[in-house]
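Topology and contacts: notes
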Amino acid sequence: MHARLPNTSQAAGKYTYPVMATVQRDPSGGGRRPPRPSPLNHVRALRGLLKDPQPVLDQLRKQVGPVCLLGYGPARMAVVGGPREIRDLFANPNESFRWGHPANTLGFVVGRGSMIVSDGEDHRRRRSPVQHAFAVRRLQQWIPMIVERTDEAIDDLLARTGDEPTTLDLYPIERHLILQIVLQALFGERMLRRTDEFGHHFQSLQDYLELPALRQLPHPIPRTHRARAAADRRALDRLIDDEIAERRRHPSGDPLDVLEVLVQDDTLTDDEIRDQVVTLVGAGYDTTAAAFAWMLWCTALRPGVWERLRNEADSVLGPLDVDERPAPGPEQLRALTLADRVVRETLRLHPPGTISPRQTLVDVTVGDVTIPKRTLVLWSAYLAGRDPEAWEDPLRFDPDRFVELTDEQQAQADAAWVPFGGGARRCIGFALAQMELTLLMARFAQRLDVRPTDVKPPAPVGMVVNRPTGGVPVTVARRGALDPSA
Ligand code: HEM
């Protein structure tokens, strides 16, 4: 029997109000304007979207369509959730949109020089050296480091629990591990001892981004979330500035150290390098940690998957009782095919970004509708991943759905699987994230027995990063120590 994931829109009965569509003609004679919900339900949909987006998105998709217009004037938004329409959106030139729009409060956190809030030539110039530093060939050299850090985290966990099965939340443990991996990739091994310091400063920035939009508006009031976030950002700046200065004085020659690559590249000023580094840690760590939290839920709940992952890891990475195992490399990573499919399937159902914003600068046609210029577009990897026309039985967690696809099915799956976005703004860390998640999954399944404390996955939480409410509470033990019949 296969476990089924609950349909969140059905689970949250309060959102099952009727959303009737109304269609407008584009006065300029272009394509059809996207439909809107009925006025009665408009405000409720807008409020719900900002508080708890997934049930609202499900309703809008079902009752209005793959593209839906909300709000008016400067507060106009378009939700784009159909795979075809998202593909059209990504195919538009970067110049059709802007990310550095006034409603984007990210700039306060990651810095005005970050690629994530830059447009046009500034974006290209700031993205290019980072993209080079994240080339797949270079990333693959981090494989042994990722496995080593993972083994250390598991050793620590088992030392804490002794030989007794213990009930605890795995989320903070794997989140700390993923922060360590990102920090080591960016700065080398010596920054590991400052992981907690980084984690502390980033937490305050993330808390600020989770505040309701109005509370994020600029103001100079002391002792508020915004004041705390500004202080933590200044502390991060000092940490990173010291590292940049150190590399200018004494280059380490380490080709795996991303910061050193950026410093030597000479395209970016030191202030720009610092903003990219804050962006990379911020964009790379909570997203990956949330994805792994959902992976643990999905694999532990679906009968047989944990054992299959363990068998695959044994045959690819070598049995645990062999002392002198060769360090894994790209060949082993490629052979972890089930773990890779588990990553894909989890990101399909639970993409860390439920919606991602960009503002149109010109009219943009997607599918058979035209989104007017100056609209905040919220495209949704969550809706595309659950689209009933693209995926058979879309709410079912089934990593084997990606096996032996025909060319046509593969193309359909590629178009509807967009957790990392697409086009010129596609996630720069997608290869790193997929690599980390695959290796962590293999190693956790190989070394640990895990039993969730609940029989179904929790509801999602988080406006910026979609993660499971309550983390990942499980009973955990050394491999073979949990009674499978209990
Ligand atoms: C499972 C993990 C991750 C997911 C689901 C994810 C998702 C995304 C998405 C959807 C975008 C595009 C947003 C848009 O179109 O506006 C994006 C952009 C970005 N991501 Fe990721 N990301 C992940 C991990 C990472 C990692 C590990 C890093 C780096 C260490 C990273 C760095 C970035 C950066 C720098 C951008 C901005 C790219 C640009 O503006 O050109 N991400 N990510």
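Residues numbered from 1 in each chain as written. Predicted model: local features only at pLDDT ≥ 70, side-chain atom pairs only at ≥ 80, totals over all residues.

1. Considerations on the overall build of the chain
- In terms of helices and strands, the chain carries 19 helices and twelve strands.
- For the chain, the C-alpha radius of gyration of 23 Å lies close to 23 Å, the compact-globule estimate for 486 residues.
- Taken along the three principal axes of its C-alpha coordinates, the chain extends 70 × 60 × 50 Å.
- Counting over 486 residues, the chain shows a buried share of 44%.
- Residue pairs at least 24 apart in sequence account for 73% of intrachain contacts in the chain once pairs closer than 6 positions are excluded. (Helix = DSSP H or I, 4+ residues; strand = E, 2+ residues; numbered from the N terminus. Rg over C-alpha atoms; globule rule 2.2 N^0.38 Å. Buried ≥ 20, exposed ≤ 12 C-beta atoms within 10 Å, placed from the backbone. Contact = placed C-beta atoms within 7 Å.)

2. Some words on the sheet that holds strand E8 (residues 376-379)
- With respect to topology, five strands assemble into an open sheet ordered E1-E2-E8-E5-E3, the strand pairing being mixed. If you trace the sheet from one side to the other, it starts and ends with strand E1 (67-70) and strand E3 (97-98), each paired once.
- In this sheet, strand E2 (residues 77-80) lies alongside E1 in antiparallel orientation, the contact comprising four bridges. Each bridged residue has a counterpart across the sheet, and for Leu-69 the counterpart in E2 is Ala-78. (Pairing = 2+ DSSP bridges.)

3. Examining the sheet that holds strand E4 (residues 166-169)
- As summarised here, the arrangement of the three strands in space is E4-E12-E9, forming an open sheet in which the pairing is antiparallel. Edge positions in the open sheet fall to E4 and strand E9 (448-452), since each of these has one partner strand only. Here the strands of the sheet are splayed against their neighbours by 35 degrees on average, with no regard to which way each runs.
- One ladder, built from four bridges, connects E4 with strand E12 (residues 473-478); its direction is antiparallel. Looking at E12, one finds that Asp-169 is bridged to Pro-473.
- Its contacts with the sheet put helix H9 (residues 170-187) on E4 and E12, and the angle it makes with E4 is roughly 60 degrees. (Axes fitted to C-alpha atoms, helices over the stretch in contact; angles between N-to-C directions.)

4. Points about helix H12 (residues 258-265)
- Residues of H12 that are buried: Val-258, Leu-259, Glu-260, Leu-262 and Val-263.
- As for H12, its buried residues are in contact with helix H6 (120-133), H9, helix H11 (225-249) and helix H13 (270-301).
- Backbone geometry just downstream of H12 places Asp-266 in the positive-phi region, at approximately 70 degrees.

5. A word on unusual backbone geometry
- Phi angles above zero are rare outside glycine, and Arg-223 is one such case at about 55 degrees.
- Topologically, Arg-223 is positioned in the loop between helix H10 (195-209) and H11.
- In this structure, Glu-404 takes a positive phi of about 45 degrees despite not being glycine.
- Its place among the elements puts Glu-404 in the loop between helix H17 (381-385) and helix H18 (407-416).

6. Notes on the packing of H13 against helix H19 (residues 430-447)
- With their axes 10 Å apart at the nearest point, H13 and H19 run at an angle of 40 degrees to one another. For H13 against H19, the interelement crossing comes out right-handed. On the side of H13, the interface is formed by Gly-284, Thr-287, Thr-288, Ala-291, Phe-292 and Met-295, while H19 contributes Leu-432, Ala-433, Glu-436, Leu-437, Leu-440 and Met-441. (Left-handed = near helix turned anticlockwise from the far one by under 90°.)

7. Describing the site of the ligand
- The local shell around the ligand holds 25 residues, among which Gly-284, Gly-421, Cys-427, Gly-429 and Ala-433 are the closest.
- At the level of elements, H13, strand E5 (356-360) and H19 are the ones that each hand at least two residues to the shell around the ligand.
- Element by element, the count of residues in the shell around the ligand is highest for H13, at seven residues.
- Tallied by class, residues from the shell around the ligand come to 14 nonpolar, eight polar and three charged. (Near = placed C-beta within 6 Å. Nonpolar A, V, L, I, M, F, W, Y, C, P; charged D, E, K, R; others polar.)

8. Considering the packing of H9 against H10
- Two elements in contact, H9 and H10, have axes separated by 10 Å at closest approach and are oriented at 105 degrees. Here H10 runs roughly perpendicular to H9, going by the angle between their axes. Residue-level inspection shows His-176, Leu-179, Gln-180 and Leu-183 of H9 in contact with H10, the latter providing Thr-195, Phe-198 and Gly-199. (Parallel < 35°, antiparallel > 145°, perpendicular 65-115°, else oblique.)

9. Here's the deal with the environment of Leu-405
- By the secondary structure assignment, Leu-405 is in the loop between H17 and H18.
- The exposure class of Leu-405 is partly exposed, given the 13 C-beta atoms found within 10 Å.
- Those residues within four positions of Leu-405 in sequence are excluded, and the remaining contacts are Gln-410 and Ala-413.

10. As for the confidence of the model for the chain
- In this model, the chain carries a mean pLDDT of 89, and residues with pLDDT of at least 70 account for 93%.
- Below pLDDT 50 for its whole length, residues 1-27 participates in 61 contacts with residues either more than four positions away or in separate chains. (pLDDT = per-residue confidence, 0-100.)

11. Notes on the environment of Val-79
- Tracing the backbone through its elements, the reader meets Val-79 in strand E2.
- Overall, Val-79 belongs to the buried group, with 26 C-beta atoms counted inside 10 Å.
- Along the sequence, Val-79 and Leu-376 sit 297 residues apart, while their C-alpha atoms lie 8.6 Å from each other.
- Contact partners of Val-79, with chain neighbours within four places excluded, come to Leu-57, Leu-60, Cys-68, Leu-70, Leu-378 and Ser-380.

12. Notes on the nonpolar core
- With 92 residues, the main nonpolar core has Leu-186, Met-295, Leu-309 and Met-441 as its most contacted residues.
- A per-element tally of this core places H13 first, with 18 residues.
- Excluding residues that lie within four positions of it along the chain, Met-295 makes contacts with Val-342, Val-343, Thr-346, Leu-437 and Met-441. (Core = buried A, V, L, I, M, F, W, Y, C linked by C-beta atoms within 7 Å.)

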